[in-house]
Amino acid sequence: RLATHELTMQIVDKVLSPYAKRFKLGVATRIVKVPGKSDKTYQAPRQVLHRDDYQFAASDWPYMDGFRPEFLVGVMWAANEFTAANGATNVVPGSHKWPPSPTDGKRPSEGGGGGGAGIGSMGGGLPEGTQIVPGAMPEGSALFYLGSTLHGAGQHDGSAPPR
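Model, not experiment: these values are computed from the prediction.

J.: Hey, could you run me through the overall build of the protein chain in this one?
T.: Broken down by element type, the protein chain carries 1 helix and 5 strands. Along the chain direction, N to C, the helices and strands of the protein chain fall in the order α-β-β-β-β-β. Residue burial in the protein chain is summarised as follows: out of 163 residues, 35% are buried. Long-range contacts, defined here as pairs at least 24 residues apart, represent 73% of the contacts in the protein chain between residues at least 6 apart.

Written out as structure tokens, the structure reads:
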């Protein structure tokens, strides 16, 4: 019911309606950030910062200056408290507005496309001074983000409960 909640639908419609006549739910998953276990640490490493819209080939087409359509809206609901210690999703504010790199025509990112899998960086890597903010929020909250926004699960420090 969260995905079809009236407020969720209103927000998604507001973002996507300039680019599409209708939209649909693409993926519904539950991700649990649980610390790994090794002989020295119980930490779970952070995910490479990535953009979910890399799944669409058109996400890096050369659009007119000042125009870039949005292809998706991500929503994360906190089933329990999200903190920096338990791996709250990191978000890079304003990264959806970054222009493509003249080097390779890609928007700056930390890893390859496809959910952050891949080696190296696209668009020349992250610009100097990039601010990475943990999406800390209390249980029951929601984090809405554009598919063009860099984000990725944070590191679990091994001492906090699973997220």
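J.: Got a minute to help me understand the sheet that holds strand 2 (residues 90-91) in this structure?
T.: Within a sheet, each strand pairs with its neighbour through backbone hydrogen bonds, oriented either parallel or antiparallel. An order of 3-2-5 is seen for the 3 strands of this open sheet, with the pairing classed as antiparallel. Each edge of the sheet is formed by a strand with only one pairing partner; in this case those strands are strand 3 (133-134) and strand 5 (151-152). Bridge count between strand 2 and strand 5: 2 bridges; the pairing is antiparallel. If you follow Val91 over to strand 5, its bridge partner there is His151.

J.: Got a minute to help me understand helix 1 (residues 6-16) in this structure?
T.: Helical periodicity: at 3.6 residues per turn, an α-helix aligns residues three or four positions apart in one direction. Those residues of helix 1 that sit buried are Thr8, Val12 and Leu16. Buried residues of helix 1 fall within an arc of 45° about the axis and therefore sit on the same side. With respect to the buried face of helix 1, the exposed residues turned more than 90 degrees away are Glu6 and Lys14. Those residues of helix 1 that are buried are in contact with strand 1 (73-77) and strand 4 (142-146).

Rules of the game
- Residues numbered from 1 in each chain as written.
- Predicted model: local features only at pLDDT ≥ 70, side-chain atom pairs only at ≥ 80, totals over all residues.
- Heavy atoms only, no water.
- Helix = DSSP H or I, 4+ residues; strand = E, 2+ residues; numbered from the N terminus.
- Buried < 20%, exposed > 50% of the residue type's maximum accessible area, 1.4 Å probe, protein only.
- Contact = heavy atoms within 4.5 Å.
- Pairing = 2+ DSSP bridges.
- Arc of directions from axis to C-beta.

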